[in-house]
2 protein chains.
Amino acid sequence: MRYKITMEYDGTNLVGWQKQKDGPSAQEFLEKAIAGFSHQQTEVFAAGRTYAGVHALAQVAHFDLETDLNEYKMQESLNALLRELQAPVCVYKTEIVSTDFHARFSARGRGYIYRILNRRGNSPLRTNRVWYVTYPLNIIAMQAGARHLIGHHDFSSFRGAGCQALSPVKTLDKFDITRADDEIIFTVEARSFIYHQVRNMVGTLMEVGCGKRKPEDVKIILEACDRQKAGISAPACGLYLNKVVY
Amino acid sequence: MRYKITMEYDGTNLVGWQKQKDGPSAQEFLEKAIAGFSHQQTEVFAAGRTYAGVHALAQVAHFDLETDLNEYKMQESLNALLRELQAPVCVYKTEIVSTDFHARFSARGRGYIYRILNRRGNSPLRTNRVWYVTYPLNIIAMQAGARHLIGHHDFSSFRGAGCQALSPVKTLDKFDITRADDEIIFTVEARSFIYHQVRNMVGTLMEVGCGKRKPEDVKIILEACDRQKAGISAPACGLYLNKVVY
C-alpha cells in the first residue's frame, strides 16, 4: 500500500527534511515512527527538501508499507509514535494512493511563504517563527523589486553555495508581498527552486525595502548571475513550505 | 514622567500579569527590568489582568519614573533588560503620557481573541498557541449560539470560581467567530470581563459546535445564572489579550 501524507513541522531543532548523521530530521522521525508500529523499514519520500531551521505547514510525502491500515488508522498510528518520539512533526492528512504517485516527481509546483516581523520590539510569541527586522520596510519598493524576479530566469545570483540542482534556470510563477498587521508576508510559487533561492531573494528584497538598494537593482543583480551581487540570505526561521501542487 | 507601554508576551510559563509568590509574572519582569536600568522601584499598572497561561498581543501598562529618557531610549532600555532576564515579554510601543492617564482606569474597552485549531492532527508550530479540537466544529451553530451572549447580561453562568469582580453584569459588545484556514477565531470585545468569562463562553460554544448542545441552549444557560449549567472552560493557551481601547 502506498500512503500519501501531509504534515506540519517545526524546523527549529531539525537538520531539515533529509536524514543526516549530525542531527534529527523530519524524515528520520517519520521512518522511526513507521518502524515503531509496523516493524517494517521503509523510506519516506518528500515533495520538497527543506533545510535546517525551515518549517513546513504542508510538506507532502509518500511511503510504501505492507499493511491493511486505512487512512484514519495509519494517521493515528503515525501521530501516536511521533508524540512518543517527541518529534516536532505531525501528520494531518493521509490518503491511500496508487503506486504511480510519487511525492517528489509527481509534484508540479511548490509554494513557500516567508514571514518578516517588521516593528521595533520583538515578538515572544513568534520566536523562531519570523525574521525580526526593525528598519521600517517600504513594501511598494519591495513589490517593485520582486516583479523583476517573476518569470523564467537564470537565478545564479540567488543560488546558495552547495546547490545540487542541475540548472540555475527556474520559472518563478508568483512573488506576492503583503502586509498583515506587524508582519510582511512573501508568497512564492514555482515548479521547483534552487538551494537557498527564497531566502536569498527575500534577503535582497529586504535591502530594497530599507532603502539600501533600489527596486531596479534587482534586475541588475539577476542579470549578473553572480551570488556576490545579491544581498544577504534571510534566516531560515521565517521560511515555511506551504503548498505542494500535483 | 509617566510612560505608557504596549507589549506582547507569551503567557505559557507565566503565572499571569500580576505579581505572585508562586512564579514569574509579566509585571514582575517589567518592574525588575525598570529597576535594572534606573535603580528605581516603581509599580507597573496594566489594562487587563491576564491569568496563568494567557497570552498578550497588545497589553497596555503605565508606570512613573524620575528620568528624562525619551520614548525610544526607554523602550530600548526596557527591552535590553527584559532580554537579559530572559523574560517572555517585549515592549513594542512606548509613549510619554500625562499623569491623567491610567492604563486600567482610563481603558474604555478590552478585546480578546481565542484560537481553536480544528483538524485531525496537531500543530507543532502552534504548541501552546491554540486549543487543539479534533471534532469537526459547525461554525454556523457557534455563531448562532454566540449571538445570545451579545449585549447587557448577568454572566454568572460563565463566571469562574474565585472571581473578584463586584458584579457579574457586563455588556458584551462583539462576539465574532470566523474560520481562517484550519483555525476558528473568536473575537470578543467589552468594557470589561469577569474572571474566566471568555474561556467559559468559548468552551460552551465549542460544545455547540460539535453538536453536544444546541445554539438555543446558550440562551437558557445564560438565563440560568448558574456556572454548573454552562460547558467546560477552554484552556488558557488559546486566549490572547488583543486590544485595549482608550
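Remember, predicted model here, so these are calculated numbers, not experimental data.

The rules behind these values
- Residues numbered from 1 in each chain as written.
- Chains lettered and ligands numbered in written order.
- Predicted model: local features only at pLDDT ≥ 70, side-chain atom pairs only at ≥ 80, totals over all residues.
- Heavy atoms only, no water.
- Helix = DSSP H or I, 4+ residues; strand = E, 2+ residues; numbered from the N terminus.
- Rg over C-alpha atoms; globule rule 2.2 N^0.38 Å.
- Buried < 20%, exposed > 50% of the residue type's maximum accessible area, 1.4 Å probe, protein only.
- Contact = heavy atoms within 4.5 Å.
- Buried area = accessible area lost by both parts, 1.4 Å probe.
- Salt bridge = Lys/Arg side-chain N within 4 Å of Asp/Glu carboxyl O.
- Polar contact = N/O pair within 3.5 Å; in protein donor to acceptor, adjacent residues only side chain to side chain.
- Axes fitted to C-alpha atoms, helices over the stretch in contact; angles between N-to-C directions.
- Parallel < 35°, antiparallel > 145°, perpendicular 65-115°, else oblique.
- Left-handed = near helix turned anticlockwise from the far one by under 90°.
- Nonpolar A, V, L, I, M, F, W, Y, C, P; charged D, E, K, R; others polar.
- Least-squares fit on C-alpha atoms with pLDDT ≥ 70 in both.
- pLDDT = per-residue confidence, 0-100.
- Lys, Arg positive; Asp, Glu negative; His and termini not counted.
- Core = buried A, V, L, I, M, F, W, Y, C linked by side-chain atoms within 4.5 Å.
- Domains from an automatic or database assignment.
- Phe/Tyr/Trp six-rings, centres within 6.5 Å; stacked < 30°, edge-to-face > 60°.

Brief notes about the overall build of chain A
Alright, step 1. Each helix and strand counted, chain A has five helices and 10 strands in total.
Alright, step 2. A globule of 246 residues ought to have a C-alpha radius of gyration of about 18 Å, and chain A, at 19 Å, matches this closely.
Alright, step 3. Across the 246 residues in chain A, those meeting the buried criterion constitute 56%.
Alright, step 4. Restricting the contact set of chain A to residue pairs at least 6 apart, pairs at least 24 apart contribute 69%.

Focus: the interface of chain A and chain B
Alright, step 1. Listed by partner, the interface residues are 25 residues for chain A and 25 residues for chain B.
Alright, step 2. In total, about 1,800 Å² of surface goes out of reach between chain A and chain B, with carbon and sulfur atoms giving 57% of it.
Alright, step 3. For the chain A face of the interface with chain B, the top three residues by lost area are R120(A), P124(A) and L125(A), together amounting to 40%.
Alright, step 4. Here chain A is connected to chain B by six salt bridges.
Alright, step 5. Among the secondary structure elements, those contributing two or more residues to the side of chain A that touches chain B are β1 (2–9), β3 (55–64), α2 (71–84) and β4 (89–97) of chain A.

Observations regarding the side chain of E183(B)
Residues and elements named next belong to chain B.
Alright, step 1. Here E183 is to be found in strand β9 (residues 183–190).
Alright, step 2. For E183, a relative accessible area of 7% gives the class buried.
Alright, step 3. Looking at E183, its side chain comes within polar contact range of the side chain of R126, at 2.9 Å.

Brief notes about the packing of helix α1 (residues 26–38) of chain A against α2(A)
Residues and elements named next belong to chain A.
Alright, step 1. It is at 8 Å that the axes of α1 and α2 come closest, and there the two elements cross at 110 degrees. The angle between α1 and α2 places the two elements in the roughly perpendicular class. The element α1 and its partner α2 pack so that their crossing is right-handed. Along the contact surface, α1 presents F29, L30, A33, I34, G36 and F37, while α2 presents M74, S77, L78, L81 and L82.
Alright, step 2. Considered class by class, the residues forming the contact of α1 with α2 number nine nonpolar, two polar and no charged.

Some thoughts on the relation of the copies chain A and chain B
Alright, step 1. When chain A is fitted onto chain B, the two copies agree to an RMSD of 0.0 Å after a turn of 180 degrees and an axial shift of 0.0 Å. The symmetry that links the two subunits is that of a two-fold axis. In terms of C-alpha distance to the rotation axis, chain A has R126(A) as its closest residue, with the C-alpha 4.8 Å off the axis.
Alright, step 2. A symmetric contact is evident, with 100% of the interface residues of chain A recurring at the interface of chain B.

What about the confidence of the model for chain A?
Low pLDDT means the predicted atomic positions in that stretch should not be read closely.
Alright, step 1. Across chain A, the average pLDDT comes to 96, with 100% of residues at 70 or higher.
Alright, step 2. Listed scores for the predicted complex are pTM 0.95 and ipTM 0.94.

A few points about the side chain of K170(A)
Residue and element names in this part refer to chain A.
Alright, step 1. Inspection of the secondary structure assignment puts K170 in strand β8 (residues 169–180).
Alright, step 2. Buried charge without a partner: K170 forms no salt bridge, and the closest opposite charge is D154, 11 Å away.
Alright, step 3. Engagement of the side chain of K170 in a polar contact is seen with the side chain of S192, the distance being 2.9 Å.

Description of unusual backbone geometry
Residues and elements named next belong to chain A.
Alright, step 1. Non-glycine residue H39 carries a positive phi angle of around 60 degrees.
Alright, step 2. Within the secondary structure, H39 sits in the loop between α1 and β2 (45–46).
Alright, step 3. In this structure, N128 is a non-glycine residue whose phi angle is positive, near 65 degrees.
Alright, step 4. Of note, N128 is situated in the loop between β5 (109–118) and β6 (131–133).
Alright, step 5. Judged by relative accessible area, N128 falls into the partly exposed class, the value being 36%.

Topic: the nonpolar core
Alright, step 1. In terms of nonpolar packing, the biggest core is built from 63 residues, with I116(B), L149(B), F175(B) and F186(B) touching the most fellow members.
Alright, step 2. Among the elements that line this core, the one with the most residues is helix α4 (residues 197–209) of chain B, at six residues.
Alright, step 3. When residues of this core are assigned to domains, at least three fall in each of domain 1 (2–97) and domain 2 (109–245) of chain B.
Alright, step 4. Apart from the residues lying within four places of it in its own chain, the contact partners of F186(B) are Y112(B), I113(B), Y114(B), I116(B), M142(B), F175(B), D176(B), I177(B), V202(B) and L205(B).
Alright, step 5. Judged by nonpolar contacts, the second largest core, of 62 residues, contains I177(A), F193(A), L205(A) and A236(A).

Some remarks on the packing of aromatic side chains
Residue and element names in this part refer to chain A.
Alright, step 1. Using the criterion set out here, one finds 14 aromatic pairs over all chains in the structure.
Alright, step 2. Residues Y3 and F63 carry aromatic rings whose centres are separated by 5.6 Å and whose planes lie at 25 degrees to one another, so their mutual orientation is stacked. Of this pair, Y3 sits in strand β1 while F63 sits in strand β3; the two residues are 60 residues apart in sequence, bridging distant segments of the chain. Each member of the pair Y3 and F63 is classed as buried.

Re the domain arrangement of chain A
Residues and elements named next belong to chain A.
Alright, step 1. Per the domain assignment, the segments making up chain A are domain 1 (2–97) and domain 2 (109–245).
Alright, step 2. Just the C-alpha atoms count here: the centres of domain 1 and domain 2 sit 28 Å apart.
Alright, step 3. Counting residues at the interface gives 16 residues for domain 1 and 15 residues for domain 2.
Alright, step 4. Of the roughly 1,300 Å² buried between domain 1 and domain 2, counting both surfaces, carbon and sulfur atoms make up 60%.
Alright, step 5. The interface formed by domain 1 and domain 2 includes one salt bridge.
Alright, step 6. Between R129 and D10 there is a salt bridge, and its shortest N-O distance comes to 3.2 Å.
Alright, step 7. Taken together, the residues that form the side of domain 1 that touches domain 2 break down as eight nonpolar, six polar and two charged.

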